Structure formats: C-alpha cells, structure tokens
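This is what each chain is made of:
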Amino acid sequence: MTKRAAELLLLGAFLVLAVFLYQSTAGYPQNVQGSTANYVRFLAISLGILCAAELCLCLAKVGEGRGKLNMAKAPFRFWGLLILLIVYSVILEQIGFYIASALFLPAAMVVLGARKKIQICCTTIGVLGFVYLVFEKLLTVPLPERLLFS
C-alpha cells in the first residue's frame, strides 16, 4: 500500500466517523440535547471539516506519496506503545485510573526513549496531579474506579 492510499483511506474513515458521531447525538436523552449533544455535534462538524480540507489537500498533491508505507521507523517503539495501550485499556477498570496511569505513563515514556528517572517521575506526578485537580476537583468528572479492590 502506498502512503497516498493509506492517507486517503484514513481520511475517509475519519469522515465516516464524523458522520456517525453527528448522527449519534439524535439518540441522546432530551435533557442533554442542549448541552452535551451540542458539544458532540461541534466536535463531529469540526472533525468533518478538517478531514474534508485535508482530503482536498491530499488530492491536490498529484505526484507525491508514491513510496511504500512504512508503519514505523522504530518498530520497537511503535509495537511497544501499541501493546502498552492495549494493556492499559484492559487494566483501567480493574485497578482504577490513577494506578493504571501511574504504571502506564512511565512505561510509555521509557518505550518512547525517555531515560532520565527524575524527569519520568516528575512528568507522571505532574500529569496525574493535573488530571486530579482539573477533572476530579474543578469539573467533578468521575474517572474509572477500581473494581478489583472494591
């Protein structure tokens, strides 16, 4: 598969996703039609417009993108991160957001090439602290809680 064909296929998939996302808002309960549904519609329309613009730009590049598709120049990083994301999504509900994220973030940073332990620890603590303050305290968004220890 060429790079151009992969780009066109991916953009087409995102356009379809935008349409489905927009249509899904019709099934929202009546009490959120004015707030949450409008936000999701905005996201769907934005995604659709950006994909359509990128699709036009991609089609305008007639002679480019004939090379073979290389999934990653660093296959260990690509496959390692993909495996970490799958494991993270599986353990998220079992051990909770904060513990799963405290395990995932440093592992992902190491796979992606970070080597300074202080920087990895500070970044993990900073991200989790930011999520706690913004989502738990400010917005009161419920994050996945652990099922294993309940």
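What you see as residue numbers is a count from 1 along each chain, following the sequence as written. Only residues with pLDDT of at least 70 are given local features in this predicted model, and only at 80 or more are side-chain atom pairs given and counted; all residues enter the totals for whole chains, interfaces and linings. Neither water nor hydrogens contribute to the side-chain values; these are computed over all heavy atoms in the structure.

Remarks on helix 4 (residues 97–111)
Moving on, step 1. Taking 1.5 Å of rise per residue, the 15 residues of helix 4 would be expected to cover 21 Å, and the 20 Å separating its terminal C-alpha atoms lies within 8% of that figure.
Moving on, step 2. The buried label applies to any residue whose accessible area, calculated with a 1.4 Å probe on protein chains only, is under 20% of its type's maximum; exposed applies above 50%, and partly exposed to all values in between. To qualify as a helix, a DSSP run of H or I must reach at least 4 residues; to qualify as a strand, a run of E must reach at least 2; elements of each kind are numbered from the N terminus. Residues of helix 4 that are buried include every one of Phe97, Ala100, Ser101, Phe104, Ala108, Met109 and Val111, and no others. Each buried residue of helix 4 lies within a common arc of 150° when the element is viewed along its axis, so the set occupies one face.
Moving on, step 3. Every residue pair with non-hydrogen atoms within 4.5 Å of one another is taken to be in contact. Packed against the buried residues of helix 4 are helix 3 (75–95) and helix 5 (117–138).
Moving on, step 4. The positive-phi residue at the C-terminal boundary of helix 4 is Gly113, with phi of around 115°. Take the residue count of a helix, subtract one, and multiply by 1.5 Å to get its expected span. Our arc is simply the arc of the directions from the helix axis toward the C-beta atoms.

Section: a nonpolar patch on the surface
Moving on, step 1. Where nonpolar side chains cluster on the molecular surface, the patch consists of Trp79, Leu82, Ile83, Ile86, Val87 and Val90 and spans about 580 Å² of accessible area.
Moving on, step 2. With respect to the helices and strands, Leu82 occurs in helix 3.
Moving on, step 3. Relative accessible area serves as the criterion here: at 36%, Leu82 is assigned to the partly exposed category. The patches reported here contain residues having more than 30% relative accessible area and no salt bridge. Joining distances are 9 Å for like charges and 5 Å for nonpolar side chains (Val, Leu, Ile, Met, Phe, Trp, Tyr). Values of accessible area rely on a 1.4 Å probe in the Shrake-Rupley scheme; residue burial ignores everything except the protein chains shown. Salt bridge, as used here, is a side-chain nitrogen of Lys or Arg placed within 4 Å of a carboxyl oxygen of Asp or Glu.

Considerations on the nonpolar core
Moving on, step 1. Counting ten residues, the largest nonpolar core consists of Tyr88, Leu92, Ile95, Phe97, Ala100, Phe104, Ala108, Leu128, Val131 and Leu143.
Moving on, step 2. At the level of elements, helix 3, helix 4 and helix 5 are the ones that each hand at least two residues to this core.
Moving on, step 3. With four residues, helix 4 is the single largest residue contributor to this core.
Moving on, step 4. Sequence-distant contacts of Ala108, defined by excluding residues within four places in its chain, comprise Leu81 and Leu84. Among buried residues, those of type Ala, Val, Leu, Ile, Met, Phe, Trp, Tyr and Cys that are joined through side-chain atoms within 4.5 Å constitute a nonpolar core.

Brief notes about the packing of aromatic side chains
Moving on, step 1. Centres within 6.5 Å are what make two rings of Phe, Tyr or Trp a pair, Trp counting through its six-membered ring; a difference in plane orientation under 30 degrees is then read as stacked, over 60 as edge-to-face, and the rest as tilted. Tallied over the full model, the rule gives four aromatic pairs.
Moving on, step 2. Consider the rings of Phe78 and Trp79, whose centres lie 4.9 Å apart with planes at 85°: the pair is edge-to-face.
Moving on, step 3. When its relative accessible area of 48% is taken as the criterion, Trp79 is described as partly exposed.

Some thoughts on the confidence of the model for the protein
Moving on, step 1. Predicted confidence across the protein gives a mean pLDDT of 80, with 86% of residues reaching 70 or more.
Moving on, step 2. Within the protein, helix 4 carries the highest mean pLDDT (92), whereas helix 1 (residues 3–24) carries the lowest (79). pLDDT runs from 0 to 100 and stands for how confident the predictor is about each residue.

Structural notes on the packing of helix 4 against helix 5
Moving on, step 1. Under this scheme, a helix contributes an axis fitted over its contacting stretch, all axes are lines through C-alpha atoms, and angles between N-to-C directions fall in the 0 to 180 degree range. Where helix 4 meets helix 5, the axes come as close as 10 Å, and the angle between the chain directions of the two elements is 145°. With respect to the hand of their crossing, helix 4 and helix 5 are arranged in right-handed fashion. Taken together, the residues of helix 5 that come into contact with helix 4 (itself represented by Phe97, Tyr98, Ser101, Ala102, Leu105, Pro106, Met109 and Val110) are Ile120, Thr123, Thr124, Val127, Leu128, Val131, Tyr132 and Glu136.
Moving on, step 2. Each residue is assigned to one class: nonpolar for Ala, Val, Leu, Ile, Met, Phe, Trp, Tyr, Cys and Pro, charged for Asp, Glu, Lys and Arg, and polar for all the others, Gly among them. For the contact of helix 4 with helix 5, the class distribution of residues is twelve nonpolar, three polar and one charged. Should the near helix be turned anticlockwise from the far one by less than a right angle, the crossing is left-handed, and should it be turned clockwise, the crossing is right-handed.

Some details on the packing of helix 3 against helix 4
Moving on, step 1. The contact between helix 3 and helix 4 brings their axes to 9 Å, and the two run at 175°. The angle between helix 3 and helix 4 places the two elements in the roughly antiparallel class. Residues Phe76, Arg77, Gly80, Leu81, Leu84, Leu85, Tyr88, Ile91, Leu92 and Ile95 of helix 3 touch helix 4, and the partners they reach there are Phe97, Ile99, Ala100, Ser101, Leu103, Phe104, Ala107, Ala108 and Val111.
Moving on, step 2. Its residues assigned to classes, the contact of helix 3 with helix 4 shows 16 nonpolar, two polar and one charged. The cut-offs work like this: below 35 degrees is roughly parallel, past 145 is roughly antiparallel, 65 to 115 is roughly perpendicular, and the gaps in between are oblique.

A short note on the side chain of Thr124
Moving on, step 1. By the secondary structure assignment, Thr124 is in helix 5.
Moving on, step 2. A relative accessible area of 7% places Thr124 in the buried class.
Moving on, step 3. Contacts of Thr124, omitting those with residues within four sequence positions, involve Ala102, Leu105, Pro106 and Met109.

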